[in-house]
Amino acid sequence: MNNPNKKRLRRTMMFLNAQKPGLIKDPYIYKPDSIMLDLEDAVAENQKDAARFSLYHALRTIDYHGCERVVRINGLDTPYWREDIRAAVAGGADAIRIPKTESAKDVQLVESAIVEDEKAFGRPEGSTLIMAALESARGIMRALDICEASERLFGIALSGGDYTKDLQTHITGTGVELMGARQNMIIAARAAGVQCFDTVYTDLNNMEGFRQDVETIHLMGFDGKSIINPRQIDIVHEIYTPTQKDIIFAEKVVREIDTKKAQGIGVFTVDGKMIDIAFYDGAKRTIELAKASGVYKGEL
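Here's a quick rundown of the structure.

Analysis parameters
For every chain, the first residue of its written sequence is number 1, and the numbers climb from 1 along that sequence. Local features in this predicted model are restricted to residues of pLDDT 70 or higher, and side-chain atom pairs are both shown and tallied only at a pLDDT of 80 or more, whereas totals for entire chains, interfaces and linings draw on every residue. Each side-chain value is worked out from all heavy atoms of the structure, with water and hydrogens disregarded. The buried label goes to any residue with under 20% of its type's maximum accessible area, the exposed label to any with over 50%, and the partly exposed label to all in between, with areas taken from a 1.4 Å probe on protein chains only. For the purposes of this entry, the term helix denotes a DSSP run of H or I that reaches at least four residues, the term strand denotes a run of E that reaches at least two, and both are numbered from the N terminus. For this analysis, residues touch if any pair of their heavy atoms sits within 4.5 Å. Under this scheme, a helix contributes an axis fitted over its contacting stretch, all axes are lines through C-alpha atoms, and angles between N-to-C directions fall in the 0 to 180 degree range. Angle categories are assigned with fixed cut-offs, so that under 35 degrees is roughly parallel, over 145 is roughly antiparallel, 65 to 115 is roughly perpendicular, and the rest are oblique. Whether a crossing is left-handed or right-handed is set by the direction in which the near helix is turned from the far one by less than a right angle, anticlockwise for left-handed and clockwise for right-handed. Put simply, Ala, Val, Leu, Ile, Met, Phe, Trp, Tyr, Cys and Pro go in the nonpolar bin, Asp, Glu, Lys and Arg in the charged bin, and everything else, Gly too, in the polar bin. Geometry of aromatic contacts follows a simple scheme: Phe, Tyr and Trp rings, the Trp one being its six-membered ring, pair when their centres are within 6.5 Å, and the pair is stacked under 30 degrees between planes, edge-to-face over 60, tilted otherwise. The rule for a charge over a ring is simple: NZ of Lys or CZ of Arg within 6 Å of the ring centre, and within 35 degrees of the ring normal.

**Side note on helix α10 (residues 233-240)**
Each turn of an α-helix holds 3.6 residues, which means side chains three or four residues apart point in the same direction.
Right, on to step 1. Across the 8 residues of α10, 6 count as buried, placing the element largely inside the fold.
Right, on to step 2. Within the sequence span of α10, burial applies to I233, I235, V236, H237, I239 and Y240.
Right, on to step 3. Buried residues along α10 sit in contact with β1 (12-17), α9 (207-220), β8 (224-227) and α12 (280-292).

**Re the packing of helix α3 (residues 81-91) against helix α4 (residues 104-120)**
Right, on to step 1. Packing of α3 against α4 leaves a shortest axis separation of 9 Å and a crossing angle of 45 degrees. One element, α3, and the other, α4, form an angle in the oblique class. When you trace α3 past α4, the crossing you get is right-handed. Residues W81, R82, I85, R86 and V89 of α3 form the contact with α4, whose participating residues are L109, V110, A113, I114, E116, D117 and E118.
Right, on to step 2. For the contact of α3 with α4, the residue count by class is 7 nonpolar, no polar and 5 charged.

**Describing the packing of aromatic side chains**
Right, on to step 1. Under the counting rule described, the total for this entry stands at 3 aromatic pairs.
Right, on to step 2. Plain terms: the ring middles of F154 and F197 are 6.1 Å apart, the flat faces sit at 80 degrees to each other, and that makes the pair edge-to-face. Taken together, the positions of F154 in strand β6 (residues 153-158) and F197 in strand β7 (residues 195-198) put the pair 43 residues apart, joining distant regions of the chain. Accessibility classification places F154 together with F197 in one group, the buried group.
Right, on to step 3. Cation over ring: R10 sits above F154, and NZ or CZ is 3.6 Å from the ring centre.
Right, on to step 4. The ring of Y80 is capped by K48, whose NZ or CZ atom sits 5.8 Å from the centre of that ring.

Structure below.
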């Protein structure tokens, strides 16, 4: 499957209740990379049909100005998920997020429904991507299988609240209780070549704690973070956007490796640091991220 959006920039994915027009009519003004139109936890049991109706018409009528539109469907153990997918695909959603994913079969079940609906509603084949939320110990242990379940799957995401309940602990704010899941997920995602997203940070009064949390997952290798408030966007984007110092160093590494490789030289120094070919991909990623973030003015 060749969907160019599979590898797009996803530093922030903002959750929004799909039932509330006031929330979903113009979230692009805050400039998140993606929005998560939620049909699951945010919507009461007796409001599922109303939320689905609201979702469909929002997708069909609102110009989101390039902001990716992901729909979180209800769980596969509920009677709602199949109609959720139908409304999302018919409306033209960019991706479906599967909650409580615990196996490759969960992903493949959703994929089959998407394929059926793309044909039924005249959507281009492969246009609707998938992401999987891991919310249990079983899901975390099967992360690699889930990552490799479908060509449509662009990434996995941690849901910390449900995961810590399953682990028989709770969110502490320190990140200690999430460390094992985070590490396992990022390893699985990188092994499979897909993206990896961190859970929400719910204490909106602790922006310093939020910053520390984002810095931690950035260092761990996560591609981005789920968020619940526009106030969190700028901090995530700041941390995930390469600095000019990072960009200049990356350019030097790329140019030096290109030059030295042609000369048959394998190891050398850049700004006093020992460099070899293993640094090349990382330097190229820095430049690509800078381009995607709109801060690159160079020629590479």
